[in-house]
Amino acid sequence: METTLRITSARAGSDFVSRIEKISGQKLLACYQCGKCSAGCPMAAHMDVLPNQIIRMAQLGMKEQLLAARSIWMCVSCLTCNSRCPKDIKIAEVIEALRKAALGGGERNDHLHIMELPSEARSVLPPIATISAMRKLTS
Ligand code: SF4
Ligand code: SF4
C-alpha cells in the first residue's frame, strides 16, 4: 500500500513537472541552484519562496506548495532573473506558468483568456494576474 502511494505521488509530481515545462518551454532540470536568479531579484524581500527555490520545488513536483506560494504573485516579470541565469533558464516564464496553473487548473491551462473567467472571479483576481494575462509572455 505504501509503495503504491509513493508511486502515485511521484507520478502526480511528474505530471505537474511536465505541465509546467510544457507551458513555460523551460527545462527545469537544467537548474543547478547557483542562486544568481534570487540574488538579483528586486522582489525577493517580499517573497515567501525565492526564485531559485521555486525552480527547485518545481523540479520536485511540489504542486500544492508552489501554487499556494505568494511569490508567484509578487513576481513583476522584470526578467532580471532570466538575464542572470548561467543555464539560460527563463525563470520568469516558469513563474508565469505557475500563475496560469493556479488560475486555470484542469487541463486547459496552457493559456489564459481573462474574459472567459466569471466576472465574480475577475473582480477578486490579484491585479498582477490580470496584468500577466495581457503581457507578451502570456499568449
Ligand atoms: S522576473 Fe520575477 S522572479 Fe525574476 S527577477 Fe523579476 S521579479 Fe524576480
Ligand atoms: S540562476 Fe538559473 S541555474 Fe542558477 S539557481 Fe537560478 S534558475 Fe537555477
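The structure reproduced in this document is the subject of the present report. This is a predicted model, so every value here is computed, not measured.

### A look at the site of ligand 2
Point 1. Near ligand 2, the surroundings consist of 13 residues, among which Cys 31, Cys 34, Gly 35, Cys 37 and Cys 85 are the closest.
Point 2. A molecule is said to occupy a pocket when more than half its atoms come within 2 Å of that pocket's grid points, and by this definition ligand 2 occupies the largest cavity.
Point 3. Each residue belonging to the shell around ligand 2 can be placed in one class, and the counts come to 8 nonpolar, 3 polar and 2 charged.

### Some thoughts on helix α7 (residues 91-104)
Point 1. Look at α7: 20 Å from first C-alpha to last across 14 residues, which is about the 20 Å you get at 1.5 Å a residue.
Point 2. Taking burial as the measure, the 14 residues of α7 include 11 buried ones, the bulk of the element.
Point 3. When α7 is considered as a whole, its buried residues turn out to be Ile 91, Ala 92, Glu 93, Val 94, Ile 95, Glu 96, Ala 97, Leu 98, Arg 99, Lys 100 and Ala 101.

### Quick look at empty space enclosed by the protein
Point 1. For the structure on display, the rule yields 2 cavities of 30 Å³ or more.
Point 2. Size it by volume and the largest cavity reaches roughly 90 Å³.
Point 3. Lining of the largest cavity is provided by 14 residues; of these, Cys 31, Cys 34, Cys 37, Cys 85 and Ile 89 occupy positions nearest its centre.
Point 4. For the lining of the largest cavity, the secondary structure elements donating two or more residues are α2 (36-40) and α3 (51-59).

### As for the packing of aromatic side chains
Point 1. The full count for this structure, using the stated rule, is 0 aromatic pairs.
Point 2. Here the guanidinium or amino end of Lys 87 rests over the ring plane of Tyr 32, the centre of that ring lying 5.9 Å away.

### Concerning the environment of Cys 78
Point 1. Within the secondary structure, Cys 78 sits in the loop between α5 (71-74) and α6 (80-84).
Point 2. Among the residues examined, Cys 78 registers a relative accessible area of 39% and is labelled partly exposed.
Point 3. Sequence separation between Cys 78 and Ala 92 is 14 residues; the distance between their C-alpha atoms is 7.9 Å.

Parameters and conventions
The numbering scheme is per chain: residues are counted from 1 as the chain's sequence reads. Labels follow written order: the first chain is A, the first ligand is 1, and so on. Confidence filtering applies because this is a predicted model: local features only for residues at pLDDT of at least 70, side-chain atom pairs given and counted only at 80 or more, and all residues used for totals across whole chains, interfaces and linings. Calculation of side-chain values draws on the structure's entire complement of heavy atoms; hydrogens and water are dropped beforehand. Here, proximity means that at least one heavy atom of the residue falls within 4 Å of the molecule or strand. For each structure, a 1 Å grid was placed over the protein atoms alone; sets of points admitting a 1.4 Å probe that cannot get out are labelled cavities, open sets with protein on both sides within 12 Å along at least five of seven lines are labelled pockets, and lining residues have an atom within 4 Å of a point. A molecule is counted as occupying a cavity or pocket when more than half of its atoms fall within 2 Å of that pocket's grid points. Each residue receives one of three labels: charged for Asp, Glu, Lys and Arg, nonpolar for Ala, Val, Leu, Ile, Met, Phe, Trp, Tyr, Cys and Pro, and polar for the others, Gly being one of them. Helix and strand labels come from DSSP, where a helix needs a run of H or I of at least four residues and a strand needs a run of E of at least two; each type is numbered from the N terminus. Here, expected helix span is obtained from the residue count minus one, scaled by 1.5 Å. For every residue, the accessible area obtained with a 1.4 Å probe (protein chains only) is divided by the maximum for its type, and the residue is called buried under 20%, exposed over 50%, and partly exposed between those limits. Grid points are joined across faces, edges and corners, and a volume is the space filled by probe spheres set on the points. Note on aromatic contacts: the rings of Phe and Tyr and the six-membered ring of Trp form a pair at centre separations within 6.5 Å, being stacked when their planes are under 30 degrees apart, edge-to-face when over 60 apart, and tilted otherwise. Here, over-ring charges are defined by two tests on the NZ atom of lysine or the CZ atom of arginine: distance to the ring centre within 6 Å, and angle to the ring normal within 35 degrees.

Purely geometric numbers; function is a separate question.
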